[in-house]
Amino acid sequence: MQPQTELVLNIRDKVQDITGIEAVTDELTDDGRIYLEIGAAVTEKKYARGPALWMVPVMFLIKRPGQEEAACLEHLSEICNHYQRSRKPPAGETYQARGLDIAAGPNKAARYQDGNVLYSCIINFKISY
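Residues numbered from 1 in each chain as written. Predicted model: local features only at pLDDT ≥ 70, side-chain atom pairs only at ≥ 80, totals over all residues. Heavy atoms only, no water.

Engineer: Please provide a residue-by-residue account of the overall build of the chain, values included.
Structural biologist: Of regular secondary structure, the chain possesses two helices and six strands. Relative to a compact globule of 129 residues, whose C-alpha radius of gyration would be 14 Å, the chain shows 15 Å and is just as compact. When each of the 129 residues of the chain is scored for burial, the buried share is 37%. In the chain, the share of contacts with a sequence separation of at least 24, taken over all contacts with a separation of at least 6, comes to 61%. With the model as given, the accessible surface of the chain reaches about 7100 Å², and the carbon-plus-sulfur share is 46%. Of note, the chain has its 15 positive side-chain charges centred 10 Å away from the centre of its 17 negative side-chain charges. (Helix = DSSP H or I, 4+ residues; strand = E, 2+ residues; numbered from the N terminus. Rg over C-alpha atoms; globule rule 2.2 N^0.38 Å. Buried < 20%, exposed > 50% of the residue type's maximum accessible area, 1.4 Å probe, protein only. Contact = heavy atoms within 4.5 Å. Areas by Shrake-Rupley, 256 points an atom, 1.4 Å probe, with all protein chains shown as cover. Lys, Arg positive; Asp, Glu negative; His and termini not counted. Charge placed at Lys NZ, Arg CZ, Asp CG, Glu CD.)

Engineer: An account of the environment of I79 is needed here, citing residue identities and associated values.
Structural biologist: Assignment of secondary structure puts I79 in helix α2 (residues 69–86). Once the C-alpha coordinates of I79 and K108 are considered, the two residues, 29 residues apart in sequence, prove to be 16 Å apart. Excluding residues that lie within four positions of it along the chain, I79 makes contacts with V15, I18, T19, I34, F60 and I123.

Engineer: Any details on the pattern of salt bridges? Residues and values, ideally.
Structural biologist: If you walk through the whole model with that rule in mind, you get seven salt bridges. D13 serves as the salt-bridge partner of R12, at 3.3 Å between the closest nitrogen and oxygen. Residue classification places D13 among the partly exposed positions, given a relative accessible area of 37%. Here K126 makes a salt bridge to E44, at a shortest N to O gap of 3.8 Å. Placement of the pair is K126 in strand β6 (residues 116–128) and E44 in strand β3 (residues 42–45), with a sequence separation of 82 residues. (Salt bridge = Lys/Arg side-chain N within 4 Å of Asp/Glu carboxyl O.)

Engineer: Explain the packing of helix α1 (residues 3–19) against α2 residue by residue, including any values.
Structural biologist: The contact between α1 and α2 brings their axes to 10 Å, and the two run at 115°. Judged by the inter-axis angle, α1 sits roughly perpendicular to α2. Crossing of α1 over α2 shows right-handed handedness. Contact residues: α1 offers I11, K14, V15, I18 and T19, while α2 offers H75, E78, I79, H82 and Y83. Grouping the amino acids of the contact of α1 with α2 by side-chain chemistry returns five nonpolar, three polar and two charged. (Axes fitted to C-alpha atoms, helices over the stretch in contact; angles between N-to-C directions. Parallel < 35°, antiparallel > 145°, perpendicular 65-115°, else oblique. Left-handed = near helix turned anticlockwise from the far one by under 90°. Nonpolar A, V, L, I, M, F, W, Y, C, P; charged D, E, K, R; others polar.)

Engineer: Could you give me a rundown of the packing of aromatic side chains, with the residues and numbers involved?
Structural biologist: The final tally for this structure, using the stated rule, is two aromatic pairs. Here W54 and Y129 contribute two aromatic rings whose centre-to-centre distance is 5.7 Å and whose plane-to-plane angle is 10°, an arrangement assigned as stacked. Of this pair, W54 sits in strand β4 (residues 53–65) while Y129 is found in the segment after β6, placing the two residues 75 residues apart along the sequence. On the basis of relative accessible area, W54 is assigned to the partly exposed category, the value being 22%. Summarising the aromatic geometry, the rings of Y83 and F125 are spaced 5.2 Å apart at their centres and angled 85° between planes, so their arrangement reads as edge-to-face. Note that Y83 is positioned in helix α2 and F125 in strand β6, a separation of 42 residues in sequence. Across this residue pair, the class does not change: Y83 and F125 are buried. (Phe/Tyr/Trp six-rings, centres within 6.5 Å; stacked < 30°, edge-to-face > 60°.)

See below:
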């Protein structure tokens, strides 16, 4: 398994532990599950002899009706606060956890005409492999 894939799957499993809500990586739906997707990774440092340090952004999304705003923001806050306290991504076998930054805290990202609202947060996970 590739390091990026393992990282996303480990985060997905941890999100379920943190919030008690199923986390998925296949598709954003409006059924209350938390969707997460990986962004374009950036090399922060590259060493001549050894692994590179990568910053891998992961976006967490919830799509729900507008009247559920407090609950959605609460779930995203639980995720951000957990990782901010731990200061490291979940451990993996194909990568080493190095740190993280909250790039964007819980926020209302979009409003749809059908009454649903998209809530999001972004965490930059730092790993080396």
